[in-house]
Amino acid sequence: MSIKELTFFFAFFLLFQAVYSQETPRLVIGITVDQMRYDYLYKYWNDLGEGGFKRLLGQGFVAHNGHFNYAPTYTGPGHASIYTGTGPAHHGIIGNEWYSRKEKRKVYCVEDESVRSVGEGATSGQASPKWLTATTVIDQLELGTNDQAKTMGVSIKDRGAILPAGHHADAAYWVDKATLRFISSSAYLDSLPDWVKAFNSMELPQQYLAAGWQLRNSIEMYNESQPDSSQFELPFRNTDAAVFPYDLKKISETRAFGVGETAYDVLATSPQGNELVVRFVEAAIEAEGFGQDNIPDMIAMSFSSTDYAGHRFGPHSVEVQDMYLRLDSLLSEFLSYVDSVVGLEQTLVFLTADHGAADVPAYVKEPAGYFKGKTFGGGLRSYLTHKFGVDPIESVSNQQIYLTQVDSVDYEKVEYEIRRFAMRFSGVMNVVKLGDWSTCSSREEVCTRLRNGYHPQLSGDFYIQLYPGWIDYNPNGGTTHGSPYAYDTHVPIIFFGWKVAPQQNYERIYIEDIAPTISDALRISLPSGCTGRALDIY
Ligand SMILES: [Zn+2]
């Protein structure tokens, strides 16, 4: 090769390098805030700092009409949908758990008895994405880079780590319920990397529990919420009221008649649960060298504590407000960290949620209420057994009715009687025959959500549709999610960093549009079941 040819070769090589590194981000970080409603971005505005949510809102692509386009809106389906770019109809995660006709029992969305826990003393590691029937954007990144990308999913909850990671990620890490250490399963790893062992040996969870949870600001500043002690919250077990300060260690150790809160639940319900996830991701970035070469890497992180606190204390509580203020500071610190180590101009960040949440019905009073799901299921089965001589129901779960097949029973009559019973029950608006969408009387978009959440092999035969604002939950306090209504479907969708241009977007955008937008940025194939579209965020 002559000098001229050599020069040309190197010039071409450098040009290729330059173009390549300009064309894709070096690192993608997906942030899921479990149970974060869209309105939380603004509810605590006056108390937010400049470097967290406000920075994302000011410098990012902000979707103001970002929605889930399926129901049920639960954590498992949410995380799967964000990363597969489609809904339960295609990715197969129709709930956190659901009744399996094949196995005649309820199955959990990431359970897998064929794999083993990876991590010393771990007990919660028999988990994998085996129920996930579509690839995630992380899967496609590994397939598209010949497995050279560095990828991982991280969350306190196993499903919050595994479903985003998918089948081909380097690893998914979640917190073991017995040891409070980060663990994985043999679906991903044979043993934990040294940096994970070193992280675990710092015993941060024990320090966090000992430190307790105090309000960050003086109580007068929480005027966006109900008083600290309110009737709309569920106190921890063996405590009189849900009030600050929380002695987390004591709560996790107190037992009355052998019953009490586990250290895992207490940690997961405190803001320190979010901090633990951030510290772990920072340790990973440092040890694994995420974002340090021209092959793009991806991290999916999910904050579970916002969901645990949301369920227990509800959206009107000082506890939830304090958790978001602390998350705001944590995000600010984390973004600065990523900027210093990788550079935000090289990092594409998105932030969203896996579902929203209903206002606490007892607080709303009208129009809202509590659907008594257990009473409904038991009552319906007795009623039908009385009518037909046999119980034609196999299971009632996730507000769905699974029928059994008994030759002697006329199922048209069963359907008639189910409707007759259900329509008189408090909170029930309609009975939708799943698969027969002519029985959905709602507006088209609500029926479409039910259809997008329906899987012919896994879902039940009927869906009990409640009135908006009604939940199947403890009437003594707290709240839940799962409905096809706006409070559960309307969530933040924000892209930030890399080449993203600031934009306030008011189009209808769906959660399934996130994954194809990331695929587009990474110049890789869409996830296998993808039904979303890439957004112009530049
Ligand atoms: Zn969730």
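Residues numbered from 1 in each chain as written. Predicted model: local features only at pLDDT ≥ 70, side-chain atom pairs only at ≥ 80, totals over all residues. Heavy atoms only, no water.

### Quick notes on the coordination of the zinc ion
- The protein atoms that coordinate the zinc ion are Asp34 (OD), Thr75 (OG1), Asp354 (OD) and His355 (NE2), at distances spanning 1.9 to 2.1 Å.
- Around the zinc ion, the four donor atoms sit at angles spanning 93 to 137°, and that spread fits a shape best called irregular.
- The sequence pattern describing where the donors of the zinc ion fall on their chain is D-x40-T-x278-D-H. Of the two residues, Thr75 is situated in helix H4 (residues 75-84) and Asp354 in the loop between strand E10 (347-352) and helix H15 (361-364); the sequence distance between them amounts to 279 residues. For the residue pair Thr75 and Asp354, the accessibility class agrees, reading buried in each case. (Donors = N, O, S within 2.8 Å, 3.2 Å for Na, K, Ca; no water. Tetrahedral: all angles 85-135°; square planar, octahedral: opposite > 155°, others 65-115°. Helix = DSSP H or I, 4+ residues; strand = E, 2+ residues; numbered from the N terminus. Buried < 20%, exposed > 50% of the residue type's maximum accessible area, 1.4 Å probe, protein only.)

### Examining the state of the cysteines
- Using the criterion set out here, one finds one disulfide in the structure.
- One disulfide bridge connects Cys440 with Cys447, the sulfur atoms lying 2.1 Å from each other. The disulfide joining Cys440 to Cys447 has a torsion of about -90° about its S-S bond and is therefore left-handed.
- Residue classification places Cys447 among the buried positions, given a relative accessible area of 7%. (Disulfide = S-S within 2.5 Å.)

### Concerning the domain arrangement of the chain
- The domain architecture assigned to the chain consists of domain 1 (23-363 + 486-522) and domain 2 (372-425 + 428-466).
- Each of domain 1 and domain 2 has a C-alpha centre, and the two are 33 Å apart.
- Contacts between the two partners involve 20 residues from domain 1, matched on the other side by 17 residues from domain 2.
- When residues of domain 1 are sorted by the area they lose upon contact with domain 2, Ile94, Tyr99 and Arg101 head the list and together hold 37% of the total.
- Run the count over domain 1 and domain 2 and you get two salt bridges.
- Taking the shortest distance from any N to any O, the salt bridge between Asp461 and Arg101 comes out at 2.5 Å.
- Inspection of the region where domain 1 meets domain 2 yields eight residue pairs in polar contact (both at pLDDT 80 or more). (Domains from an automatic or database assignment. Contact = heavy atoms within 4.5 Å. Buried area = accessible area lost by both parts, 1.4 Å probe. Salt bridge = Lys/Arg side-chain N within 4 Å of Asp/Glu carboxyl O. Polar contact = N/O pair within 3.5 Å; in protein donor to acceptor, adjacent residues only side chain to side chain.)

### Topic: unusual backbone geometry
- Cis geometry marks the peptide bond from Ala71 to Pro72; its omega dihedral reads 10°.
- Its identity is not glycine, yet Phe257 carries a phi of approximately 55°, on the positive side.
- Relative to the helices and strands, Phe257 is located in the loop between helix H10 (248-253) and helix H11 (263-268).
- Given a relative accessible area of 87%, Phe257 falls into the exposed group.
- We note that Arg523 has phi near 55°; this positive angle belongs to a residue other than glycine.

### Structural notes on the sheet that holds strand E13 (residues 400-403)
- Taken in spatial order, the four strands make up an open sheet running E12-E13-E15-E14, and their pairing is antiparallel. The sheet terminates laterally at strand E12 (393-397) and strand E14 (428-433), the two strands that pair on one side only. Put simply, the sheet's adjacent strands are angled 20° from each other on average, direction ignored.
- Sheet topology places E12 next to E13; four bridges connect them, and they run antiparallel. Paired with Val396 across the strands is Ile401, a residue of E13.
- On top of the sheet, helix H16 (residues 373-388) reaches E12, E13, E14 and strand E15 (462-466); it is set at about 160° to E12, its chief contact.
- Taken strand by strand, helix H17 (residues 411-422) contacts E13, E14 and E15, and its axis lies near 165° from that of E14. (Pairing = 2+ DSSP bridges. Axes fitted to C-alpha atoms, helices over the stretch in contact; angles between N-to-C directions.)

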